[in-house]
Amino acid sequence: MMLGLAWIIGCYAAGFAIIHWLHRQWRRYGKPRTTHYVLQTYNNQLQVEWYLRSLYFFSWMKGKVISVTLADKGSTDDTLEIARRLSLEHQLSICTMAERDLDDWVLKHADEQVVVVRLNQNEGLEIAFKYM
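To keep things clear, this report deals only with the structure shown in the data block.

Conventions we followed
The numbers attached to residues start from 1 for each chain and follow its sequence in the written order. Per-residue local features are limited, in this predicted model, to residues with pLDDT of at least 70; the limit for side-chain atom pairs, both in listing and counting, is 80 or more; totals at the level of whole chains, interfaces and linings are taken over all residues. No hydrogens and no water enter the side-chain calculation; it runs on all heavy atoms of the structure. Helical segments are the DSSP runs of H or I of at least four residues, strand segments are the runs of E of at least two, and each set is numbered from the N terminus. Burial status follows relative accessibility: with a 1.4 Å probe on protein chains alone, a residue under 20% of its type maximum counts as buried, one over 50% as exposed, and anything between as partly exposed. Contacts are residue-level and defined by heavy atoms, with any inter-residue pair within 4.5 Å sufficient. Accessible areas in this description were obtained via Shrake-Rupley with a 1.4 Å probe; residue shielding takes into account the shown protein chains only. Nonpolar cores are built from buried Ala, Val, Leu, Ile, Met, Phe, Trp, Tyr and Cys residues. Side-chain atoms within 4.5 Å join them into one set.

So, about the overall build of the protein. Per the secondary structure count, the protein includes 4 helices and 4 strands. Listing the helices and strands of the protein from first to last along the sequence gives α-β-α-β-α-β-α-β. Classification of the 132 residues of the protein by burial places 29% in the buried group. Look at the contacts in the protein between residues 6 or more apart in sequence, and 76% of them connect residues 24 or more apart. Total accessible area on the protein is roughly 9300 Å²; 60% of this is exposed by carbon and sulfur atoms.

Here we take up unusual backbone geometry. A positive phi angle, near 55°, is found at N43, a position not held by glycine. The residue N43 is located in the loop between strand 1 (34–41) and helix 2 (48–62) in this model. Looking at N43, the relative accessible area reads 30%, which means it is partly exposed.

Among soluble globular proteins, nonpolar side chains are generally buried collectively. Among the nonpolar cores identified, the biggest contains 18 residues, and L39, L52, V68, L70 and L92 are the most heavily contacted of them. Taken together, the elements giving at least two residues each to this core come down to strand 1, helix 2, strand 2 (65–72), helix 3 (79–87) and strand 4 (113–118). It is helix 2 that contributes the most residues to this core, 5 residues altogether. In this structure, L92 is in contact with L52, Y56, V68, L70, A83 and S87, ignoring residues within four places of it in sequence. Counting 5 residues, the second largest nonpolar core, distinct from the first, contains A71, M97, L102 and W105.

Shown next, in the form of structure tokens:
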């Protein structure tokens, strides 16, 4: 009886030690990979807030590290104002760029995981959440 109890406690202690050792190794050497999202907008005031909030919420739920850049192509509605308000809550870069500037930007960041989402194309919006 005592031998069985000692065996159970020993296995538990060994598992505990292995888990803590693996966690320490992961924290020391395994840096989480940041996924960079580039949201391309043009007059998307109806989509930008819910999309950004859900993107940050799902990344928080899954424990993923993300960075978001909002690339606006000259919106005339409240898209930039909504993005500026949300940038006070979350880390969000806002810039205005043309299509060719965006392609150059993506090429410069080829070593990162970059996901480009065009908010005016509804059929491609669910793609970004597959990378989480």
